[in-house]
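# Remarks on the overall topology
Below are the chains, spelled out letter by letter.
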Amino acid sequence: MTATQPQPRPEPPSRPQAEPPPPEAQDRRRLFADLTPLRTSAHYRRLWFGSTVSWVGQGMTALAVSLQVYDITRSPFSVGLVGLFSLVPLVVFGLYGGAIADTVDRRKLGLFSACGSAVLSIALAAAAFAGFHRVWFLYGIVALQAVCAALNSPARTSMIPRLLPPEQLRAANALNSMVMTFGTLVGPSLGGLIVGLAGYQTAYLVDAVAFSASLYAMWRLPSMLPDRKGDTRASVLDGLRFLATRPNLRMTFFSDFCAMILAHPRALFPAVAVLWYGGDAKTTGLLVAAPAFGALLGGVLSGWQGRIRHHGQAILIAVACWGTAIAVFGLTRNLWLGLLLLALAGYSDTVSMIFRNTMMQVAAPDEMRGRLQGVFIVVVAGGPRLGDFLAGSVADLTSPAVAITGGGIACVLAVGVLALYGRGFRRYDALDPTP
């Protein structure tokens with residue numbers, strides 16, 4: 001008998017291959033913000049949504065307090081003091097808030113500080129309902145709100161690297177930049193509308209309710225104890241010593257100083273609106289809104305940034321673009337061209353911020369992330385104020401045009417010096433992060 005030859009098994013039917021997205025869809029995905037962090041992490045999605053609502057509420061309260069102070073005093077100087085009472089605690093407690101975030105459960109710190117902000121908004125509403133209109137009370141509440149923000153921000157930001165893989169952090173920072181800019185643009189406008197229709201107490205109550213979204217997001221998070229080894233003290237000096245020995249991280253702050261101190265023309269917008277464009281307060285509002293609009297576009301149109309590996313080089317180019325746009329803005333006398341240049345500057349600033357935040361989150365160890373975010377708060381809060389002072393002083397001695405154009409040129413030159421000095425920063429590779 002002959003052996004029966006085994007028959008070959010029939011091949012199973014192959015699964016249909018998914019067709020790749022059409023080229024136009026791929027282009028849109030490269031252009032617009034990467035939403036992967038929102039899709040893959042429910043914790044991050046809740047935190048992002050809660051932060052968005054909270055930022056809008058805080059913008060409403062900031063405007064409502066300023067309006068109420070002016071109604072009580074009829075003094076622009078008194079309104080200006082609102083910013084001072086907010087700035088000083090934010091700068092002082094920013095460093096300590098970051099140190100505390102590196103020693104305690106960041107979830108609890110974020111939860112308690114958000115609760116504090118909500119309680120303060122309720123206190124503002126209660127005082128307004130009771131007819132208690134005292135400027136010192138408003139100043140005190142604003143200062144305490146700044147303390148809560150200084151504790152909340154480092155805790156919240158240092159949580160994100162624990163919720164997402166490193167390759168998604170750049171996209172997350174782009175989404176976070178949209179949160180801040182959206183709140184800055186929408187919050188004051190909505191606050192003014194609510195105050196006009198229903199009074200200060202309603203605006204404050206809406207802010208208090210808005211914090212519930214952030215509180216819920218924090219409540220659902222797992223425990224976020226930092227990876228501490230050895231000493232568990234909340235030492236600010238340890239964070240500064242760490243930063244002093246990490247040239248790439250240190251350069252992220254130096255580059256931001258170039259833009260915010262040397263080329264920050266915001267304080268000159270009222271004078272520019274009148275002297276250059278023959279405008280009024282509405283023109284000033286357009287000048288203030290243009291960089292914010294560009295910053296929002298910087299987050300929305302951030303998809304292309306995912307292809308950038310050399311983050312340090314991208315930061316230097318973005319800051320140079322900011323300085324160039326500001327310098328050219330100082331030369332133009334066409335309002336719409338000026339607004340376009342300011343929007344370009346805002347876009348460049350967001351690009352720089354996204355990459356700077358990503359470097360701090362990826363290159364820094366977990367036990368130092370809170371303190372670095374504390375330093376970041378001080379730089380972001382204090383740098384523009386120094387820039388306002390410098391621009392105003394130079395404009396008084398010379399002219400607004402010299403102050404603005406000269407500041408933009410100085411920014412570009414300073415970035416050039418940093419590029420020559422920081423060769424390692426230029427070569428920083430996101431695939432091999434070195435602090």
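Residues numbered from 1 in each chain as written. Predicted model: local features only at pLDDT ≥ 70, side-chain atom pairs only at ≥ 80, totals over all residues. Heavy atoms only, no water.

## Observations regarding the overall build of the protein chain
To keep it simple, the criterion reads: Labels follow the DSSP assignment, with helices taken as runs of H or I lasting at least four residues and strands as runs of E lasting at least two, numbered in each case from the N terminus. Here the globule rule is a power law, 2.2 Å times the number of residues to the power 0.38, and the radius of gyration is based on C-alpha atoms. Exposure categories follow from relative accessible area, calculated using a 1.4 Å probe and restricted to protein chains: below 20% of the type maximum is buried, above 50% is exposed, and the middle band is partly exposed. Contacts: residue pairs with any heavy atoms within 4.5 Å of one another.
Scanning the protein chain for helices and strands turns up 17 helices and 0 strands. By the compact-globule yardstick of 22 Å for 435 residues, the protein chain fits well, its C-alpha radius of gyration being 24 Å. The dimensions of the protein chain, computed from C-alpha atoms along their principal axes, are 115 × 50 × 50 Å. Looking at the 435 residues of the protein chain, the share that counts as buried comes to 50%. Considering only contacts in the protein chain between residues 6 or more positions apart, those separated by 24 or more positions represent 86%.

## With respect to helix α8 (residues 200-220)
Stated precisely, the cut-off is as follows: In a helix, the anticipated span is given by 1.5 Å times the number of residues less one.
Taking 1.5 Å per residue, 21 residues should reach 30 Å; α8 reaches 32 Å between its end C-alpha atoms and fits that length. The set of residues buried in α8 consists of Tyr 200, Ala 203, Tyr 204, Asp 207, Ala 208, Ala 210, Phe 211, Ala 213, Ser 214, Ala 217 and Met 218. Summarising the contacts, the buried residues of α8 are in contact with α3 (42-73), α5 (106-129), α6 (135-163) and α7 (169-198).

## Overview of unusual backbone geometry
Of note in this structure, Arg 74 is not a glycine but carries a positive phi near 55°. Residue position: Arg 74 is located in the loop between α3 and α4 (76-101).

## Digging into the packing of α3 against α6
Rules: Fitted lines through C-alpha atoms give the axes, limited to the stretch in contact for helices. The angle between two N-to-C directions lies from 0 to 180 degrees. Relative orientations are named as follows: roughly parallel for angles under 35 degrees, roughly antiparallel for angles over 145 degrees, roughly perpendicular for angles from 65 to 115 degrees, and oblique for any other angle. Should the near helix be turned counterclockwise from the far one by less than a right angle, the crossing is left-handed, whereas a clockwise turn marks it as right-handed. Three residue categories are used. Nonpolar comprises Ala, Val, Leu, Ile, Met, Phe, Trp, Tyr, Cys and Pro, charged comprises Asp, Glu, Lys and Arg, and polar comprises the others, including Gly.
The N-to-C vectors of α3 and α6 enclose an angle of 165°; their axes lie 12 Å apart at closest approach. Here α3 lies roughly antiparallel to α6, going by the angle between them. For the crossing formed where α3 meets α6, the hand is left-handed. Taking contact as the criterion, the partners of His 43, Tyr 44, Leu 47, Ser 51, Trp 55, Thr 61, Val 65, Gln 68, Val 69, Ile 72 and Thr 73 in α3 are, on α6, Val 135, Leu 138, Tyr 139, Val 142, Gln 145, Arg 156, Ile 160 and Leu 163. Residues belonging to the contact of α3 with α6 are distributed by class as follows: 12 nonpolar, 6 polar and 1 charged.

## Regarding the pattern of salt bridges
For the record, the criterion: Whenever Lys or Arg places a side-chain nitrogen within 4 Å of a carboxyl oxygen from Asp or Glu, that contact is recorded as a salt bridge.
Summed over all chains, the structure comprises 9 salt bridges. Two residues, Asp 366 and Arg 106, come together in a salt bridge whose shortest N-O distance is 3.0 Å. Remark: Arg 106 occurs in helix α5 and Asp 366 occurs in helix α15 (residues 366-397); sequence separation between them is 260 residues. Across the pair Asp 366 and Arg 162 runs a salt bridge, and its minimum N-O distance is 3.3 Å. Within this pair, whereas Asp 366 is found in helix α15, its partner Arg 162 is found in helix α6, the two being separated by 204 residues in sequence. The class of Asp 366 is buried, set by a relative accessible area of 6%. Overlapping salt bridges bring together Asp 102, Arg 106, Arg 162, Asp 366, Arg 369 and Arg 371 as one network.

## Focus on a nonpolar patch on the surface
What counts is decided by this rule: To count toward a patch, a residue needs a relative accessible area over 30% and no salt bridge; like charges are then connected within 9 Å, while nonpolar side chains (Val, Leu, Ile, Met, Phe, Trp, Tyr) are connected within 5 Å. Each accessible area value is a Shrake-Rupley result obtained with a 1.4 Å probe; residue values ignore everything except the protein chains displayed when judging cover.
Taken together, the side chains of Leu 84, Val 88, Val 92 and Phe 93 present a nonpolar region at the surface, about 320 Å² in accessible area. Considering the arrangement of structural elements, one finds Val 88 in helix α4.

## Some thoughts on the confidence of the model for the protein chain
Stated formally: The predictor's confidence in any single residue is recorded as pLDDT, a number from 0 to 100.
With 91% of its residues at a pLDDT of 70 or more, the protein chain shows a mean pLDDT of 86. Per-element confidence in the protein chain ranges from a low mean pLDDT of 54 for helix α1 (residues 23-31) to a high of 95 for helix α13 (residues 311-329). The low-confidence segment residues 1-27 (pLDDT under 50) makes 3 contacts with residues lying over four places distant or belonging to another chain.

## Structural notes on the side chain of Ser 113
Note the following rule: Here a polar contact is recorded for every N or O atom pair within 3.5 Å, except that within protein the pair must consist of a potential hydrogen donor and a potential acceptor, and residues adjacent in sequence are included only if both atoms are side-chain atoms.
Within the secondary structure layout, Ser 113 lies in helix α5. A polar contact is formed between the side chain of Ser 113 and the side chain of Asn 152, at a distance of 3.0 Å. When sequence neighbours within four positions are dropped, the list of residues in contact with Ser 113 reads Cys 148, Leu 151 and Asn 152.

## Quick look at the packing of aromatic side chains
Any two aromatic rings considered together are summarised by their centre-to-centre distance and by the angle between their planes. Keep this limit in mind: Two aromatic rings from Phe, Tyr or Trp, using only the six-membered ring of Trp, form a pair when their centres are within 6.5 Å; if the ring planes differ by under 30 degrees the pair is stacked, by over 60 it is edge-to-face, and anything between is tilted.
For the structure on display, the rule yields 7 aromatic pairs. Between Phe 132 and Phe 137 the ring centres are 5.5 Å apart and the planes differ by 85°, which places this aromatic pair in the edge-to-face class. Pairwise contacts between aromatic rings join Phe 269, Trp 276, Tyr 277 and Phe 329 into one cluster.

## Description of the environment of Thr 324
In this structure, Thr 324 sits in helix α13. When its relative accessible area of 41% is taken as the criterion, Thr 324 is described as partly exposed. Here the alpha-carbon distance between Thr 324 and Gly 408, two residues 84 residues apart in the chain, equals 5.9 Å. Reaching out from Thr 324, the side chain makes a polar contact with the backbone oxygen of Ala 320 at a distance of 2.8 Å.

## Observations regarding the environment of Asn 357
Relative to the helices and strands, Asn 357 resides in helix α14 (residues 335-363). Note: C-alpha distance between Asn 357 and Leu 372 (15 residues apart in sequence) is 9.8 Å. Each residue touching Asn 357, except ones within four places of it in the same chain, is listed here: Asn 173, Gln 373 and Phe 376.

## A few points about the packing of α4 against α6
Running from N to C, α4 and α6 cross one another at 30°; their axes reach a closest spacing of 7 Å. With respect to their mutual orientation, α4 and α6 come out roughly parallel. Considering how the two elements wind past one another, α4 and α6 form a crossing that is right-handed. Here the residues of the contact of α4 with α6 sort into 18 nonpolar, 5 polar and no charged.

## Digging into the side chain of Gln 305
Among the secondary structure elements, Gln 305 is positioned in the loop between α12 (281-300) and α13. The class of Gln 305 is buried, set by a relative accessible area of 0%. At 3.5 Å, the side chain of Gln 305 forms a polar contact with the side chain of Arg 170. Gln 305 has contacts with Arg 170, Gly 298, Val 351, Ile 354 and Phe 355, leaving out every residue within four places of it along the chain.

## Brief notes about α5
Between its terminal C-alpha atoms α5 stretches 35 Å, which fits the 34 Å expected from 24 residues at 1.5 Å a residue. Residue Asp 105 occupies the N-cap position of α5, its side-chain oxygen lying 3.0 Å from the main-chain nitrogen of Arg 107. Once α5 finishes, Gly 131 follows within two positions and takes phi at roughly 75°, a positive value.

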